[in-house]
Amino acid sequence: MKTHIRNKIKYLVFLVVLATACEDLDLVPENEFTDQNYWTSTDRAMSVLNTAYSQLFTSARFFYNEALSDNAFNGRGDNQGVASIAAGTYDPSLGRLKSEWNDRYAGIKTCNLLLENIDRIEDMDGTLRERMKAEARFIRAFQHFQLTTWFGDVPLVSADLSLEEAQTINRTPHEEVLDFILKELDTVTTILPANTEYPEADRGRITRGAAIALKARALLYEGRWEEVATTCERLINNSTNGSYALFSSYEGLFLPENEYNSEDIFSLQYLPEDRTWGEFFDMAPLSAGARLNALAPTQELVDSYPMTNGKPIDDPGSGYDEENPYANRDPRLTHTVVYHGYEWQDPDGGSHTIYIEPGSSPGEPTDEYVPGSSASPTGYYVRKYFDPTHQSSLASGLNLMLIRYADVLLMYAEAKNELGQMDQGTWDMTIRALRERAGFEEPQALAFDSSLGQEALRRIIRNERRVELGMEGLRIFDIRRWRIAEDVLNGWAHGAKFDPASPDDGYIRANQRNFDPGKHYLWPIPRDERLINGNLSQNPGW
């Protein structure tokens, strides 16, 4: 699909032009697009669809959503509103709420325009037409899924609205929105090609596997365990729905030379020079080329990575040494988080040591923790998704995976355990497979313990999701659906043990969080939207 990226990233003005088309058909201008003359070619329809693709998600939300959770802290500015939301100081006027609402409904409008007009194009290949409709329906379902996950009841918009309709529409109950999403995904699954059926030029387009995986995620968020399991099995045990497998290297999974690997089910598409993202300019170590730190992993995330024997660090038999905290840890820690003493691999093939503990650097203390400075406020930086082939200001054209096969395996493991069906075979296919790929070798970490009860297995599986998917923007949705947000998002988010004055045993107090379970499990409907449309009710507590 990257051969078509230049078309994809050009935002078209047709949305405005078509809405203001001339009333007199005899006076349709010949030198500009209108509703009467736009829908005349496959290429024009493809441009509209590619616009819908470009509205799917943003790199800023992909990364900064992690700071909505206990995994990271946005310590500089209020990127994507996450600092305000994490601190519990926001209200319905917050810009993130309005932009999330408006951007997703703009994407839905693009899809509806395509679906209502593509049949007007004459001499279009019928198979391509139906595939493009299915892609648009997937994107429309995805946008509704994001909206209802954040806001609960939201207007279900399955047809293009007039201005009057848009200003008077009511919120649709969450259950109805979800039913629409699931039915749409079922329908498009019968139409979309498998990932193995797309030509090289169309790599990155929505596939049958993506529709199945998104359905599994929607069911997961509802706790519909039996359906989650059977849906995941359509990807785990059924090659007709696509060819997926864990990529051989956890580190390599996030490197540009391995794009479109066997684990990639659905990604945001980028291309060096033409369409890039640049969040690492404010996430990487300063000595690696960053200008400052605005997104830093927390001590809570670091502590979640088990030892190489599989035991959590607070287990008496784990072997954890607080004075040497990064030794013998889950290898995924090193490929996700940059800590003191980290050996950073430079793009030229060399390396340099990252010195973060105050007073430790033998040279310029570029990365050292200093309160209020441009350095990390937690004593940690991000490694996962760093692009060694980056352009200036660390800009990257690396694709960002929204759904990968590891997530399917984790969804399956969680569902089977909640059904009371976790056994040796399921463990080996999911948790053991993920740990072996990560680099675990000790039998204790890999073996299934049949003596463990459901609750103990639940803790293991939930933590496996956290460390496998760390810094990929999914943690906030997990803690919300598990209803543990008030437990993990109240109190201090911590950093490394670099502050002797901290009352928390020297661990940096980076940010005080507040999560009110009476109101914060749903975002409020944006203030400006309710001013425009008085039919939009508000969520409880707001």
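Residues numbered from 1 in each chain as written. Predicted model: local features only at pLDDT ≥ 70, side-chain atom pairs only at ≥ 80, totals over all residues. Heavy atoms only, no water.

1. Let's talk about the environment of Thr 298
1) Next: Tracing the backbone through its elements, the reader meets Thr 298 in the loop between strand 3 (296-297) and helix 12 (299-304).
2) Next: Here the alpha-carbon distance between Thr 298 and Leu 286, two residues 12 residues apart in the chain, equals 18 Å.
3) Next: Setting aside its immediate chain neighbours within four residues, Thr 298 contacts Asp 70, Asn 71, Ala 72, Phe 73, Tyr 380, Ala 493 and His 494.
4) Next: There is a polar contact of 2.7 Å between the side chain of Thr 298 and the backbone oxygen of Asp 70. (Helix = DSSP H or I, 4+ residues; strand = E, 2+ residues; numbered from the N terminus. Contact = heavy atoms within 4.5 Å. Polar contact = N/O pair within 3.5 Å; in protein donor to acceptor, adjacent residues only side chain to side chain.)

2. Quick look at the packing of aromatic side chains
Two aromatic rings, taken as a pair, are described by how far apart their centres are and by the angle between their planes.
1) Next: Applying the stated rule across the entire model yields 28 aromatic pairs.
2) Next: On the basis of an interplanar angle of 80° and a centroid distance of 5.2 Å, the ring pair of Tyr 38 and Trp 39 is categorised as edge-to-face.
3) Next: For Trp 39, a relative accessible area of 4% puts it in the buried group.
4) Next: On the numbers, 5.6 Å between centres and 80° between planes, the contact of Phe 280 with Phe 386 is edge-to-face. Of this pair, Phe 280 sits in the loop between strand 2 (264-268) and strand 3 while Phe 386 sits in the loop between strand 7 (381-382) and strand 8 (400-404), and the two are 106 residues apart along the sequence.
5) Next: Over the ring of Tyr 270 we find Arg 275; its NZ or CZ atom is 4.8 Å from the centre of that ring.
6) Next: Across the ring face of Phe 440, the terminal group of Arg 435 is positioned such that the distance to the ring centre comes to 5.7 Å. (Phe/Tyr/Trp six-rings, centres within 6.5 Å; stacked < 30°, edge-to-face > 60°. Buried < 20%, exposed > 50% of the residue type's maximum accessible area, 1.4 Å probe, protein only. Lys NZ or Arg CZ within 6 Å of the ring centre and 35° of its normal.)

3. Observations regarding the nonpolar core
1) Next: Counting residues in each nonpolar core, the largest one holds 151 residues, and the members touching the most others are Phe 138, Ile 265, Phe 266, Phe 280 and Tyr 385.
2) Next: In contact with Tyr 385, not counting residues within four places along its chain, are Phe 62, Phe 63, Phe 254, Trp 277, Phe 280, Leu 398, Asn 399, Leu 400 and Met 401. (Core = buried A, V, L, I, M, F, W, Y, C linked by side-chain atoms within 4.5 Å.)

4. Overview of the confidence of the model for the chain
1) Next: Scored by pLDDT, the chain has a mean of 93; 94% of the residues are at 70 or more.
2) Next: When the criterion is pLDDT under 50, residues 3-31 qualifies, and its contacts beyond four places in sequence or with other chains add up to 48 contacts. (pLDDT = per-residue confidence, 0-100.)

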